[in-house]
Amino acid sequence: MKNLISHVNSEQAFIDHQDPWVYIESLDLINASHAKAQLILPFDEFIALDASQQKLLDIQPIKAFWLSNSTDIQLLAPFLNELVLVCLNFPKFTDGRAYSQAVELRSHLKWPGEIRAFGDVLRDQLDHMHRCGFNSFAIREDKNVEDALKGLSSISINYSNSVLEPLPLFRRRSLYR
Amino acid sequence: MYQYDFYDQALVDQRVRQFRDQVERYQNGELSEEEFSPLRLQNGLYLQKHAYMLRVAIPYGTLSSKQLTMLAEIAQTYDRGYGHFTTRQNIQFNWIELNDVPAILAKLASVEMHSIQTSGNCVRNVTTEAFAGVAADEIIDPRPFAEIIRQWSTINPEFLFLPRKFKIAVSSSTEDRAAVRTHDIGLYLYRDRLDDEVKLEVMAGGGLGRTPIISQSLKKGLSWRDLLTYLEAVLRVYNRHGRRDNKYKARIKILVKSIGVEAFSEEVEKEWQLIKSSPGELTEEELNRVASHFVNENYLNAAYSDYEQQLVEDSDFANWIAINTHEHKHQGYLSVIISTKPGPENPPGDVNAEQMRAIADLADTYSFGEIRVTHEQNLVIPSIHKKDLYTFWNGLKDTRMAATNIGMLTDMITCPGGDYCSLANAKSIPVAAAIQKKFNSSSQLQNIGALSLNISGCMNACAHHHIGNIGILGVDKNGAEWYQITIGGEQGIDARLGKVIGPSFGAQDVPDVIDKIVDVYLAHREEDESFSSTVDRIGIAPFKEKVYSNAVEVEA
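Residues numbered from 1 in each chain as written. Chains lettered and ligands numbered in written order. Predicted model: local features only at pLDDT ≥ 70, side-chain atom pairs only at ≥ 80, totals over all residues.

Engineer: Teacher, can you tell me more about the overall build of chain B here?
Structural biologist: A count of helical and extended segments in chain B gives 18 helices and 20 strands. On C-alpha atoms alone, chain B measures out to a radius of gyration of 23 Å, which is about the 24 Å that the 2.2 N^0.38 rule sets for 556 residues. The principal-axis extent of the C-alpha atoms belonging to chain B is close to 60 × 60 × 60 Å. Within chain B, buried positions represent 54% of all 556 residues. (Helix = DSSP H or I, 4+ residues; strand = E, 2+ residues; numbered from the N terminus. Rg over C-alpha atoms; globule rule 2.2 N^0.38 Å. Buried ≥ 20, exposed ≤ 12 C-beta atoms within 10 Å, placed from the backbone.)

Engineer: What's the story with the overall build of chain A in this structure? I'm lost.
Structural biologist: Across its full length, chain A holds 6 helices and 8 strands. For chain A, the sequential pattern of α-helices and β-strands runs β-β-β-β-α-α-β-β-α-β-α-β-α-α. Here chain A has a C-alpha radius of gyration of 17 Å; the compact-globule value for 177 residues is 16 Å, and the two agree. Projected onto its principal axes, the C-alpha coordinates of chain A cover approximately 60 × 35 × 25 Å. Taking all 177 residues of chain A together, 38% fall into the buried category. The long-range fraction of contacts in chain A, counting pairs at least 24 apart against all pairs at least 6 apart in sequence, stands at 53%. (Contact = placed C-beta atoms within 7 Å.)

Engineer: Looking at this structure, how should I read the pairing of strand β8 (residues 198-204) of chain B?
Structural biologist: Along a regular strand, successive side chains alternate from one face of the sheet to the other. Residues and elements named next belong to chain B. In terms of burial, β8 is a largely internal element, 5 of the 7 residues being buried. As defined by bridge partners, strand β7 (residues 185-191) adjoins β8 across 7 bridges and the pair is classed as antiparallel. Of the residues in β8, the one forming a bridge with Leu 189 is Leu 200. Connecting β7 to the next strand, β8, in antiparallel fashion are 6 residues, including Asp 196 with a positive phi near 65°. When β8 meets strand β9 (residues 216-223), the two strands line up antiparallel, connected through 5 bridges. Paired with Met 203 across the two strands is Ser 217, which belongs to β9. (Pairing = 2+ DSSP bridges.)

Engineer: How should the domain arrangement of chain B be read in this particular structure?
Structural biologist: Note: interface size is frequently given as the accessible area lost on complex formation between the parts. Residues and elements named next belong to chain B. Per the domain assignment, the segments making up chain B are domain 1 (6-110), domain 2 (143-292), domain 3 (305-398) and domain 4 (413-549). Taking only C-alpha atoms into account, the centre of domain 1 sits 28 Å from that of domain 3. Of all the elements in the fold, those that place two or more residues in the side of domain 1 that touches domain 3 are β3 (62-64), α3 (65-78) and β4 (82-85). Looking at the side of domain 1 that touches domain 3 element by element, the count peaks at 7 residues for α3. Looking at the side of domain 1 that touches domain 3 residue by residue, the class counts come to 8 nonpolar, 12 polar and 1 charged. (Domains from an automatic or database assignment. Nonpolar A, V, L, I, M, F, W, Y, C, P; charged D, E, K, R; others polar.)

Engineer: Looking at this structure, how should I read helix α16 (residues 510-524) of chain B?
Structural biologist: One turn of an α-helix holds 3.6 residues; hence residues three or four places apart share an orientation. Residue and element names in this part refer to chain B. Over its 15 residues, α16 extends 21 Å from the first C-alpha to the last, a length consistent with the 21 Å expected when each residue adds 1.5 Å. Residues of α16 that are buried: Val 510, Val 513, Ile 514, Ile 517, Val 518, Val 520 and Tyr 521. For α16, the angular spread of the buried residues around the axis is 155°, confining them to a single face. (Expected span 1.5 Å × (residues − 1). Arc of directions from axis to C-beta.)

Engineer: What should I look at first to understand the sheet that holds strand β10 (residues 325-327) of chain B in this one?
Structural biologist: Sheets are built from strands that pair by backbone hydrogen bonding, the pairs being arranged parallel or antiparallel. Residues and elements named next belong to chain B. Across the sheet, 5 strands lie side by side as β3-β13-β14-β11-β10; this open sheet has antiparallel pairing. Each having just a single partner strand, β3 and β10 make up the two edges of the open sheet. Neighbouring strand axes in the sheet, compared pairwise and without regard to direction, differ in orientation by 35° on average. For strand β13 (residues 370-373) and strand β14 (residues 379-385), the ladder comprises 2 bridges, and the chain directions are antiparallel. Within β14, the position partnered with Val 373 by the bridge is Leu 379. (Axes fitted to C-alpha atoms, helices over the stretch in contact; angles between N-to-C directions.)

Engineer: How do you make sense of the nonpolar core when you look at a structure like this?
Structural biologist: The tendency in soluble globular proteins is for nonpolar side chains to be buried side by side. Among the nonpolar cores identified, the biggest contains 160 residues, and Ala204(B), Val234(B), Met356(B), Ile359(B), Tyr483(B) and Ile517(B) are the most heavily contacted of them. A per-element tally of this core places helix α6 (residues 227-241) of chain B first, with 9 residues. When near neighbours in sequence (up to four residues on either side) are disregarded, Met356(B) contacts Leu68(B), Leu71(B), Ala72(B), Ala75(B) and Val351(B). In terms of nonpolar packing, the next biggest core, distinct from the first, is built from 38 residues, Ile40(A), Leu67(A), Ala117(A) and Leu122(A) among them. (Core = buried A, V, L, I, M, F, W, Y, C linked by C-beta atoms within 7 Å.)

Engineer: Please clarify how the interface of chain B and chain A should be interpreted in this entry.
Structural biologist: With 31 residues of chain B at the contact, the number on the chain A side is 30 residues. Of all the secondary-structure elements, those providing two or more residues to the side of chain B that touches chain A are α1 (6-27), α2 (33-41), α5 (143-153), α6 and α9 (284-292) of chain B. In terms of residues, the side of chain B that touches chain A owes the most to one element, α1(B), which gives 7 residues. Looking at side-chain class alone, the side of chain B that touches chain A contains 13 nonpolar, 10 polar and 8 charged residues.

Engineer: How should unusual backbone geometry be read in this particular structure?
Structural biologist: Most of the time, phi is negative for any residue but glycine, and the peptide bond is trans. The residue Lys110(A) is not glycine, and still its phi comes out positive at about 55°. Lys110(A) sits in the exposed class, given 8 other C-beta atoms within 10 Å.

Engineer: Looking at this structure, I do not really get the environment of Pro102(B). What am I missing?
Structural biologist: Residue and element names in this part refer to chain B. Topologically, Pro 102 is positioned in helix α4 (residues 101-110). Residue Pro 102 is classed as partly exposed on the basis of its 19 C-beta neighbours within 10 Å. When the C-alpha atoms of Pro 102 and Arg 20 are compared, they prove to be 5.2 Å apart, with 82 residues separating the residues in sequence. The contacts of Pro 102, once residues within four sequence positions are left out, are Val 16, Phe 19, Arg 20 and Val 23.

Engineer: Explain the pairing of strand β6 (residues 85-90) of chain A to me, please; I cannot follow it from the model alone.
Structural biologist: Residue and element names in this part refer to chain A. Along β6, 5 of the 6 residues are buried, which leaves the element largely enclosed by surrounding structure. Across 4 bridges, strand β5 (residues 64-67) lies against β6 in parallel orientation. Following the sheet pairing, Phe 65 is matched in β6 by Val 86. As judged from the 6 bridges shared by β6 and strand β7 (residues 114-119), these two strands associate in the parallel manner. When the sheet's bridge partners are listed, Cys 87 is paired in β7 with Arg 116. Read from β6 through helix α3 (residues 97-108) to β7, the crossover connection turns out right-handed. (Right-handed = clockwise from strand over helix to strand, strands pointing away.)

Engineer: Any chance you could explain helix α13 (residues 389-398) of chain B here in plain terms?
Structural biologist: Residue and element names in this part refer to chain B. Of the positions making up α13, those classed as buried are Leu 389, Trp 393 and Leu 396. The arc that holds the buried residues of α13, viewed along the axis, is 60°, so those residues lie on one side. Away from the buried face of α13 by more than 90 degrees, exposed residues Asn 394 and Asp 398 are located. On the buried face of α13, the contacting elements are α10 (305-313), α11 (315-324), β11 (333-338), α12 (353-366) and β14. At the exit of α13 stands Arg 400, carrying a positive phi of roughly 55°.

Engineer: Would you explain the packing of α5(B) against α9(B) in this entry?
Structural biologist: Geometrically, a packed helix pair is captured by the angle between its two axes and the distance between the axes. Residues and elements named next belong to chain B. α9 packs onto α5 with a crossing angle of 110° between their chain directions and a minimal axis gap of 9 Å. One element, α5, and the other, α9, form an angle in the roughly perpendicular class. Pair α5 / α9 crosses with right-handed handedness. Residue-level inspection shows Pro 144, Glu 147 and Ile 148 of α5 in contact with α9, the latter providing Leu 287, Val 290 and Ala 291. Tallied by class, the residues present in the contact of α5 with α9 amount to 5 nonpolar, no polar and 1 charged. (Parallel < 35°, antiparallel > 145°, perpendicular 65-115°, else oblique. Left-handed = near helix turned anticlockwise from the far one by under 90°.)

Engineer: I'm lost on the packing of helix α7 (residues 252-259) of chain B against helix α8 (residues 261-275) of chain B in this one. Help?
Structural biologist: Residue and element names in this part refer to chain B. Taken N-terminus to C-terminus, the directions of α7 and α8 make an angle of 110°; their axes are 6 Å apart at the nearest point. Relative to α8, the element α7 is oriented roughly perpendicular. Contact residues: Leu 255, Val 256 and Ile 259 in α7; Val 261, Ala 263 and Phe 264 in α8. Along the lines of polarity and charge, the residues of the contact of α7 with α8 split into 6 nonpolar, no polar and no charged.

Shown next, in the form of structure tokens:
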């Protein structure tokens, strides 16, 4: 993916020009050129296939999926051991369903891998996404990625518990008083 | 009242810097209108008919005198010298320049205020009743819980782009004076008789607007410790399943209605079981920390024999006391309600800078420097000792704020309407003024007694017209302004929606129509019967008959 901010582990975020992942919008679009590529497959299409059709795809093992924001994240559970990347979609930045998907993936399914935001991903929402468990961001391609990086350091105070800081501020207040 | 510590202050300061940067990026073209609009809305900034409007948060309606003085300064420096108090206990400035907004927000932050999430599809300013902490009939002070919810919901990263706006109200008295049941989530606090613990009943899916619905009980017996985790579960389920294809069907009330409250509550329960024992569970230490800000131990136990004398000697004063005060939990004190609706020359809810300063001074001199905003758009000084009331009242008269009409027909809730608002279908303020002109005799008003009249300029229902005893709704018919009238609405624990009496009227006929409705009520009421009880008993037919009998012009 292009325009990518990657591997955001607490302090360290960088612009990743070497991202190997190839986004596959639909299974029909897979062709010979993808033979050695690392593919991000459409999860919704994939689980609609039966087991024999899934085998026919001949992509083993599957390491990355992308999900639409209306997909129940629990459906990913059987696949998570094999996966290294899950991409969650923001069709418009004002549609916030993927925030909850990321929280569920981290908090309920305890998945430690890479969660990537893609779609209408913009500077002013990066901090919220990061706090909800996203750790890479495919910035909308017409936007400047260096500029977007600044979005990760906007407001340092967060009252509520979050994936990033599981202790809400009220449990930390006295520690620093 | 609550006072900011290092963290609270740092958050609002950083928010000002963030918004300053966003305004600059919008102005130099880095942010499109579409990208900027949700950012400004989450800072309370709307683009209205004539100018930007800034809605400043007054969390659960509580202001210090210092804050009110700052609002006066903002009104004078950046607006046209006045502000408009709203039904969500906030204040709006109607004539704001975008360039000034970062400076205004910095001024607000300097007095521990902000405009965060007063708009947008996120959790809005949490509200409670204006007499919280002082009402004689209060069970538990709701303010610490409201403040805890304020903090939890402020920039809560998961819930900033919900399907639609989300309003929470808290109440804990024998009456409900916070319109709890017309909120997305309403919380009733009570003390469990068995274990003496503070518990909550959670009401869900209320709201007015296009599809008015009174909320239903979602959960009873919730421990206060589970308040935030339960809200988190509700919001997550709503974020996941609320409709996003149609903004008029996107509120939680539509979701609750479509799947049923039982199914919705099961879904919430399932989510809550996963998180109820997480660090999000509230602690005794935190509740005590927040609650300690609301303790007032400075009440006097003084004599007030002069007060009894003043009541006897000055009937205007006695009248004002009877109508504009509320029972206080502490002996010798009353809460005072200052009407923002003195008459037709003053749009309901509007207060000018000079009056704001005068009220702040009076609150410092005769009370504890605190002011409340009611959801009926009036101001409250929560605690005044009876020995000081007469001097206080005289001070109010000097600022033309001693109108004696609380809870009466002229104390009408009115939205800004077509004069300001770009959503409005019709004007509200001139209709309110015309009704006030018609009912200008205080003996007539006193004879009518308690009667709520709410005027909204469109079906978004900012003035809660559905739950007014008489509700007036502005509608647009082929470019002309018409007014639809409902009767029998009621707020409170037994909240209910009014019924439409028939076809709409032109603006010029509204005062006469109201007059006729009131006449029918007076002719039929038995003893002290309330307006809505009378409507319940006799039905709407007698009202209809009287109103439509003569040839008033109604919409075709």
